[in-house]
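Examination of the molecular architecture
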Amino acid sequence: QVQLVESGGGLVQPGGSLRLSCAASGFTLENYALGWFRQAPGKEREGVSCIGTIDGTIYYADSAKDRFTISRDTADNSVYLQMNNLKPDDSAIYYCATDVSLVYSYSGIIGCLGDDYWGQGTRVTVSS
């Protein structure tokens, strides 16, 4: 059975850092495109960062560029999201997903969509 379990969320001050983890079971993580999504109260779920099955295929939302880093570790079958210089607008429930779809244009990767498998989420609160 496919299962994704997020962890690493919590309360952090603006400018602080968090590292989110997503442990996968029931499938081999390296064979799938993976993603981190977030949803704040009253807002749509949005893609934050995704990583494809081919090296170098990575997407970051504009709000995440230069602050967040996505990575996978095949040794522990997990995907991570390192978040630095956090802002109050980053506060949300963060979900990881597998078998996501990277969206391409002539200029490169411009988005990421997910609809198959999701974890239960981990809450991130950025506040002073």
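Here, the structure is the one placed above.
These lines cover the structure that appears in this document, whether it is placed above or below. All of these numbers come straight from a predicted model, not from anything done at the bench. Within each chain, residue numbers correspond to sequence positions counted from 1 in written order. Reporting of local features is limited, given that this is a predicted model, to residues whose pLDDT is at least 70; pairs of side-chain atoms are given and counted only at 80 or more, and all residues count toward the totals for whole chains, interfaces and linings. Each side-chain value is derived from all of the structure's non-hydrogen atoms; neither hydrogens nor water enter the calculation.

**A word on the state of the cysteines**
Defined as follows: Disulfides are defined in this document as cysteine sulfur pairs within 2.5 Å. Numbered from the N terminus, helices here are DSSP runs of H or I no shorter than four residues, and strands are runs of E no shorter than two. Whether a residue is buried, partly exposed or exposed follows from its accessible area with a 1.4 Å probe, protein chains only, as a fraction of its type maximum: under 20%, in between, or over 50%, in that order.
Considering all chains together, one arrives at 2 disulfides under this definition. The side chain of cysteine 22 participates in a disulfide bridge whose partner is cysteine 96; the two sulfur atoms lie 1.9 Å from each other. Because the sign of the S-S torsion sets the handedness, a value of about 50 degrees for the bond joining cysteine 22 and cysteine 96 places this disulfide among the right-handed ones. Taken together, the positions of cysteine 22 in strand β3 (residues 18–25) and cysteine 96 in strand β9 (residues 92–98) put the pair 74 residues apart, joining distant regions of the chain. Across the pair, cysteine 96 and cysteine 22 agree in class, each one buried. Each bonded cysteine of the protein chain gets a number by its place in the sequence, and the pairs then read 1-3, 2-4.

**Some points on the pattern of salt bridges**
What counts, and what does not: We define a salt bridge as a contact between a side-chain nitrogen of Lys or Arg and a carboxyl oxygen of Asp or Glu at a distance within 4 Å.
If you walk through the whole model with that rule in mind, you get 4 salt bridges. The closest approach of N and O atoms between arginine 38 and glutamate 46, which form a salt bridge, is 2.8 Å. Residue glutamate 46 is classed as partly exposed on the basis of its relative accessible area, which comes to 35%. Between aspartate 90 and arginine 38 there is a salt bridge, with its nearest N and O atoms 3.0 Å apart. Linking aspartate 90 in the loop between β8 (78–83) and β9 with arginine 38 in strand β4 (residues 34–39), this pair joins segments that are 52 residues apart in sequence. Look at aspartate 90 and you get buried, because its relative accessible area is 2%. Its relative accessible area of 6% is what places arginine 38 among the buried residues. Here the salt bridges share partners, and the residues they tie into one network are Arg38, Glu46, Arg67 and Asp90.

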